[in-house]
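A structural walkthrough
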Amino acid sequence: AAALVLNTHSLLASLQRNELSERRFLQLNKCPACWGTSWCRKFLNGQLRLESWGRLRLLDFFNVKNVYFARYGEPREGSRRVVLKRLGSAQELADIDTKICRRATGRGRCDLLQALPATEFASLNGDVRLLTPGAVEGWSDLVHCPSQRLLDRLVRRYAETKDSGSFLLRNLKDSERMQLLITLAFNPEPLVLQSFPSDEGWPFAKYLGACGRMVAVNYVGEELWSYFNAPWEKRVDLAWQLMEIAEQLTNNDFEFALYLLDVSFDNFAVGPRDGKVIIVDAENVLVADKRLIRQNKPENWDVWYESKFDDCDKEACLSFSKEILCARVTVDHNYYAICQNLLSRHATWRGTSGGLLHDPPAEIAKDGRLEALLDECANPKKRYGRFQAAKELREYLAQLSNNVR
């Protein structure tokens, strides 16, 4: 309280000024060691403003993830809510600078702009034609086992360039290539949202643009967690959507399997109008190219892979092998992750237990089918039991959802 009184003047000043139009707050001076510049005109022109308490820098101590809510206004369209992300904590962002400096100069501090050309982030500058697997494999979950088809997709859909649409790396400016590679290595979430966009039916938040080290995505709605005690009918519908997401990311016409390596209640949000479930944290998504697996035929490539149940005493536990996810065509990981961490009685979050489908109506509890399917999906007793349980659970939840609508 004393601190607030003593800092009243600075508090009022911070509430009045628009930091989102300040180059230093956006860390635009770090570019091209940043996420992009496609939305800089909107930021610098004052079209984005932090919401109420988000303007108080004193509260940044509690905002460890550096996620902000803001209003974005277009002259003819009015304003709408957006989410701004720095894509890492203050310490993680500082570590990027240190890493770049050490690799270039051997020292922890340096001029980033002078140091970047001496790092791997500038190794593909010049007349390099393609972004190839050998150059970036293992840099992040997204490219733990990349195919050329996936990398061509990342470059072709890269939104931080005016000349998007080409898979040729040489069509990007040197600064844009460095931005793409740094994003890919540090936090590839923007590239996931760009490459698998919501406009094409993928269950991810919509990517809007970036300026410096600030990325803008559309605001979806309240986190899934806020629906933990919603009416049974609503929770059934949300559970069905989650299982549909697991199916879509596992089996789709593009033959890319997108495996969610971090599944918790705050990684999903629900649209207030359409009630649609959307993934709002896509940092830890591993993409495996099923076409490449079939082509290369690694050992046991066609043997169905069953994820092992992880009965740990922490929240949001998952047991998986990235190498196996990259080497098998048929994998039950997404069903396992959704069932164990969100839906079944094994799901724990913020001191709760029982999962999203806790306390079903008496007739459903007495029937026992829902509990049996959830248990088999989370911790199967039969060989390949999770595959069958997931299929039946999707059908059963669809039936329940139709009955309660």
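Above this text sits the structure in question.
Summarised in this report is the structure supplied together with it. (Residues numbered from 1 in each chain as written. Predicted model: local features only at pLDDT ≥ 70, side-chain atom pairs only at ≥ 80, totals over all residues. Heavy atoms only, no water.)

Considerations on the sheet that holds strand β9 (residues 277-279)
Taken together, three strands build an open sheet; the order of strands is β6-β8-β9 and the sheet is antiparallel. The open sheet has two free edges, formed respectively by β6 (222-223) and β9, since each of these has just one partner strand. As defined by bridge partners, strand β8 (residues 268-270) adjoins β9 across three bridges and the pair is classed as antiparallel. Across the sheet, residue A269 finds its bridge partner in β9, namely I278. Sheet contacts for helix α11 (residues 232-250): β8 and β9; angle to β9, the most-contacted strand, approximately 45°. (Pairing = 2+ DSSP bridges. Helix = DSSP H or I, 4+ residues; strand = E, 2+ residues; numbered from the N terminus. Contact = heavy atoms within 4.5 Å. Axes fitted to C-alpha atoms, helices over the stretch in contact; angles between N-to-C directions.)

A short note on the state of the cysteines
Tallied over the entire structure, the rule returns five disulfides. In this model, C145 is linked to C326 through a disulfide, with the two sulfur atoms separated by 2.1 Å. Since a negative S-S torsion denotes a left-handed disulfide, the C145-C326 link at about -80° is left-handed. Taken together, the residues span a long stretch of sequence, with C145 in the loop between α7 (133-136) and α8 (148-156) and C326 in the loop between α13 (322-325) and α14 (333-343) at a distance of 181 residues. Taken as a pair, C145 and C326 share a single burial class, namely buried. At a sulfur-sulfur separation of 2.0 Å, the disulfide partner of C339 is C377. The sign of the 80° torsion about the S-S bond sets the C339-C377 disulfide as right-handed. (Disulfide = S-S within 2.5 Å. Buried < 20%, exposed > 50% of the residue type's maximum accessible area, 1.4 Å probe, protein only.)

Considering the packing of aromatic side chains
Applying the stated criterion across every chain, the model contains 16 aromatic pairs. Note on W202 and F254: the rings are 5.6 Å apart at their centroids and 40° apart in plane angle, and the pair reads as tilted. A residue pair is termed long-range when its members are at least 10 positions apart, and W202 in the loop between α10 (189-195) and β4 (207-211) and F254 in the loop between α11 and β7 (256-260) qualify at 52 residues. Aromatic side chains Y384 and F387 sit 6.2 Å apart centroid to centroid with 70° between the ring planes, which places their arrangement in the edge-to-face category. Looking at F387, the relative accessible area reads 14%, which means it is buried. (Phe/Tyr/Trp six-rings, centres within 6.5 Å; stacked < 30°, edge-to-face > 60°.)

A few points about the sheet that holds strand β3 (residues 78-85)
With antiparallel pairing, the five strands of this open sheet are ordered in space as β1-β2-β3-β5-β4. Since the sheet does not close on itself, it has two edges, and those belong to β1 (48-50) and β4, each with one partner. Each strand axis lies, on average, 35° off the axis of its neighbour in the sheet, ignoring direction. Where β4 and strand β5 (residues 214-218) come together, four bridges link them in antiparallel fashion. The partner of A210 across the bridge, within β5, is V215.

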